[in-house]
Structures are given as C-alpha cells and as structure tokens.
Amino acid sequence: MNLLDGVKSLLGTQGIESIAGMLGENTHNTQMAANSGVATLLASMMQNAASGNGSGAASLLKMVTGGGLDASALGNLAGMLSGNEGLGNLANSGGGLISSLLGSQSSGIADLLGSIAGVKSSSANSIMSMVAPILMGLVSKQVGTGGVSGLINLFMGQQSAVKAALPSGISSLMNFDKFDASSAFSALTGLGNQASSTVSTATTAVNTAKDEVVEAAAGGMNWLPWLLGALGILAALWYFKGCGDNGAKAKAMAEATAAKMKRSADSTAAYVIKMKAEAANAVSNFELPGGAKIEFPKGSVEDQLIAFVNDKAAAIDKKKWFNFDGLNFDTNKATLKAGSETKLANVAAIMKAFPAVSIKVGGYTDNVGKPDSNKGLSDTRAKTVVAELVKLGVAATRMSGEGYGQENPVADNATEEGRAKNRRIDISVRTK
C-alpha cells in the first residue's frame, strides 16, 4: 500500500478545507503542506526504523501502536475533521509524535515546510501534528499483528513514493536523499521479535544513561527524541562493562552526544535560512482536480490563480488582476514568442480543472508611442492569448480579452525596467 496516498484519501477534500479554515490558510497551500508533511514524517519513521539493528524498528512500532488512531477512529475520521474541536484534539495528540520523530529538527522543518508550501510556520507545524496520528494509525492498521518484520516489510515499498513527494530541501536537511531502504532494511528483515527483545533489554540500561544525556543537553526536551542516540550509547555501556568506570565513560559519551546534537541544531538553523531563500523560487508540482499535473514557480500566475480559486473566502473583485508572467511577444506585434507555450498550457489546464471559472484577459503597454496605437496593440495581444487558450481546449464563452494600452501602469515608465513591467498581460477572475 502507498501510505502517502492512503493518508491523502483519509483526509479528503473536506478534511483539507476544514484544516485550512481553522488555520486561516487557503486550501491549495494547505494541501501542499499536508502532502509534504506526511512525506516528511514517513521519511523520519523509515530512518528511525532502520537504525539500531532492529531496536529502532521495535521502538517505532511501540510508538505507532500507542500514538496512532485506532481502526474505529480512522473509520470516523470525517467527523473528527469536520470541526475545530476535533482538529484541535488531533493536533494535540500529534504534537508529541512530531517531537519524538523529528527531535531538534522539528522547528526548522516546520519553518522550511511553511516557506515551501506558502503557509505560516505555525500552520505547517499544526498540519504535521494533525496528520501524524492519522499516519501512525494507518501504519498500525497495515502492519496488524506482523510485528517488527511487518513494519519493515511495509516500509520497504515506500521509498520511491516518499522521495518523489518529499521537497528536496527537506530531503537534504534530513539526509533522506542518501537513504537506501533496500540496504537499510535488508539486514533487518526477519528479525521480528528478536528486535523487540533487544529494545526491552536495552531499556533498563538506557534509563540509567538517560538522565546524563538530558542533563548534558540542557534539559527541557521530551526524552523520546533521544532514544535512538541513547541506544547507541548502550554499545559503549556494554563494551565498558567490567572496566570499573562505566559511569564516567558513559557520562563522557553522553556529553559528547549532546554536544553533537547541539551542533546539529545550529547547522539546521543555518540550513533552513538558506533553503527558505531558495524556496521562494522553488518549482511546485501540483495535481489538479481531475488528475492533470502541472509544474510552476511559487508566486507565479498559476500559483496565484489556484490559490484564489480554492479560497472560498476570496471574493470576486474586478479590480484584482494577476500578472500572466512568462508570455513574450515580438516587438510591436501580437505574435507570441517561442517559450510561451508552457504558461499557456498550464493556465488552460487550470481552466479545464475548474469549469466554473471564467476570466478576462487584459493587455497593457508602456507609454512609448501613440496612446491609440498602444491600445490597439494591447487589445490584439489580449485577444491573441484568448485565442491560444481556446486552441488548448478552453471554451471561448468563458473568456474575454481587452486592451488597455498604457493605462494602469504598475511601474515607473521613466526607466527601462519599469517600462518592461508595464508591457504585460494580466488575468482577472470573474466567476469561480
């Protein structure tokens, strides 16, 4: 089973709309954040499961069975997602799961996810908290009574889907781009209850080292994120057994581990700043209603159109226009240059995916030349764009085109840069 598709199906359109409404975000960006958030959590679960020679998988299985929604709750998820109270309860139950799975990286990942999806960092964190129990419950349901081996077998088939859905910036931050499920899990396949026994034996020794780890880490954190690191310390504890100074050496290793985690947190913060800047120009891969898939840069006309159409609170306003970026015409002509095809195809796909939408296409020029000539040229260009969209399958009755010449400039015509911005095609949504 594809777990990402499973969670998406459980959430459904109404669930995403409810989450978006509660958080004050538009549904398009909320859906992007949910999809990427589930992929992030699943990537972390896979990495945790592959650690510790089976102990990580046993620990994760315990978390899955104890922190996820049970079968009855999954079956009634629509009711839980329909109101703010249910959503709040879901977020509260998932908050600890996020901390346990992502540890010190949770804040940085939420910040980066928000930047990529176009939602507030706090919203990104809330969305991950809401989807975490759903993902855990679905994993638990699929594993059933299969134990650790069942968990590993389930994760073995998820890598390609997760890597495709995980934003590259987050994948790099988590080092998931270097993760190989086949290699990581092959040595663990068949361990079954042996891993559970290992983690049970380890728990006693971990509890001995835990206080030293948390103290060295300056305290205040849920200890579960440290479990995997503490399990690593166990190897040293067992190695030093009989040497007479177990406690001192274990403490030294705990302090070294804490220092390493502190350096990791500092590196994460710097990385997030860098990736947020790159995310401003990131390309979004979006699946439209009906299944068509398009790619477009963040903040582009496609991004703005989809967000506006999906936002039920956004009222139709004839004064609101979106710049149809990416279209270029021959000088003083209404002939579109090569390279404009992708933008036209994307907008046509959006129009076909949202059949209730109708638009007006406006053409504009700079102030060079005679006003009447400029208006005539802009009018022809606007109608050319409409004609191209008709060729791509959009009904002509859903569109109109008009030229406004040098009216309504968006920049200063005194500079070349300003004149270039004023030579444009805009779109105004008239129905949705």
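Presented here is an overview of the structure given in this document. No experiment lies behind these values; they were computed from the predicted model shown.

In terms of helices and strands, the protein carries 19 helices and 6 strands. For the protein, buried positions account for 48% of its 432 residues. Relative to all contacts within the protein whose residues are 6 or more apart in sequence, the contacts with residues 24 or more apart total 74%. Working note: accessible area of the protein is about 19,800 Å², and carbon and sulfur atoms make up 52% of it.

A separate point is the side chain of T365. Here T365 lies in the loop between β4 (358-364) and α18 (371-391). Overall, T365 belongs to the buried group, its relative accessible area being 6%. Here the side chain of T365 touches Q406 through a polar contact of 3.4 Å, landing on its backbone nitrogen.

Bringing the nonpolar core into the picture now. Counting residues in each nonpolar core, the largest one holds 106 residues, and the members touching the most others are V139 and F155. It is helix α8 (residues 121-143) that provides the largest number of residues to this core, a total of 12 residues. Excluding residues that lie within four positions of it along the chain, F155 makes contacts with L3, L42, M45, M46, A49, L60, V139 and F185.

Right, let's talk about unusual backbone geometry for a bit. Non-glycine residue N332 carries a positive phi angle of around 60 degrees. Mapped onto the secondary structure, N332 falls in the loop between β3 (322-323) and α17 (341-353). The class for N332 is exposed, based on a relative accessible area of 65%. Phi at N408 is positive, roughly 55 degrees, even though this residue is not glycine. Along the chain, N408 turns up in the loop between β5 (399-403) and α19 (416-422).

As a further point, take the pattern of salt bridges. Enumeration according to the criterion identifies 13 salt bridges in this entry. E407 is paired through a salt bridge with K375; the nearest N and O atoms lie 3.9 Å apart. Remark: K375 occurs in helix α18 and E407 occurs in the loop between β5 and α19; sequence separation between them is 32 residues. The class of E407 is partly exposed, set by a relative accessible area of 39%. By sharing partners, the salt bridges in this structure join D366, E416, R419 and R423 into a single network.

We now examine the side chain of T384. Mapped onto the elements of the fold, T384 is located in helix α18. The exposure class assigned to T384 is buried, which follows from its relative accessible area of 19%. A polar contact of 2.8 Å, which involves the side chain of T384, links it to the backbone oxygen of T380. Beyond its immediate chain neighbours, meaning those up to four positions away, T384 contacts A334 and L336.

The next point concerns the pairing of strand β6 (residues 424-431). In regular strands, side chains alternate between the two faces of the sheet. The element β6 is extensively covered by neighbouring structure, given that 6 of its 8 residues are classed as buried. With 2 bridges connecting them, β3 and β6 associate as antiparallel partners. Paired with N323 across the strands is D426, a residue of β6. Alignment of β4 against β6, held across 7 bridges, turns out to be antiparallel. In the strand pairing of β6, V361 is matched with I427.

We now examine the packing of helix α2 (residues 27-49) against helix α7 (residues 106-117). Across the interface, α2 lies against α7 with an axial gap of 9 Å and an inter-helix angle of 140 degrees. Relative to α7, α2 is oriented oblique. α2 and α7 meet at a crossing whose hand is right-handed. Where α2 approaches α7, its residues N29, M32, A33, S36, G37 and T40 are matched on the opposing element by I109, L113, I116 and A117.

All right, on to the sheet that holds β5 then. Two pairing modes exist for strands in a sheet, parallel and antiparallel, and in both the strands are linked by backbone hydrogen bonds. Within the open sheet, the 4 strands sit side by side as β3-β6-β4-β5. Their pairing is mixed. Two strands lie at the open edges of the sheet, namely β3 and β5, each paired on one side alone.

On to the packing of aromatic side chains. Two numbers describe a pair of aromatic rings. These are the distance of the centres and the angle of the planes. The full count for this structure, using the stated rule, is 8 aromatic pairs. Here a set of aromatic residues connected by ring pairs shows up, and it is made of F155, F176, F179 and F185. A cation over an aromatic ring shows up here: R424 above the ring of Y364, its NZ or CZ 3.9 Å from the ring centre.

Before going further, it helps to examine helix α6 (residues 84-102). Spanning 19 residues, α6 covers 25 Å between terminal C-alpha atoms, matching the ideal 27 Å at 1.5 Å per step. The largest bend along α6 measures about 30 degrees and falls at G94. Once α6 ends, the next one or two residues include G103, with phi positive near 55 degrees.

What counts, and at which threshold
- Residues numbered from 1 in each chain as written.
- Predicted model: local features only at pLDDT ≥ 70, side-chain atom pairs only at ≥ 80, totals over all residues.
- Heavy atoms only, no water.
- Helix = DSSP H or I, 4+ residues; strand = E, 2+ residues; numbered from the N terminus.
- Buried < 20%, exposed > 50% of the residue type's maximum accessible area, 1.4 Å probe, protein only.
- Contact = heavy atoms within 4.5 Å.
- Areas by Shrake-Rupley, 256 points an atom, 1.4 Å probe, with all protein chains shown as cover.
- Polar contact = N/O pair within 3.5 Å; in protein donor to acceptor, adjacent residues only side chain to side chain.
- Core = buried A, V, L, I, M, F, W, Y, C linked by side-chain atoms within 4.5 Å.
- Salt bridge = Lys/Arg side-chain N within 4 Å of Asp/Glu carboxyl O.
- Pairing = 2+ DSSP bridges.
- Axes fitted to C-alpha atoms, helices over the stretch in contact; angles between N-to-C directions.
- Parallel < 35°, antiparallel > 145°, perpendicular 65-115°, else oblique.
- Left-handed = near helix turned anticlockwise from the far one by under 90°.
- Phe/Tyr/Trp six-rings, centres within 6.5 Å; stacked < 30°, edge-to-face > 60°.
- Lys NZ or Arg CZ within 6 Å of the ring centre and 35° of its normal.
- Expected span 1.5 Å × (residues − 1).
- Bend = angle between axes of the 7 residues up to and from the residue.

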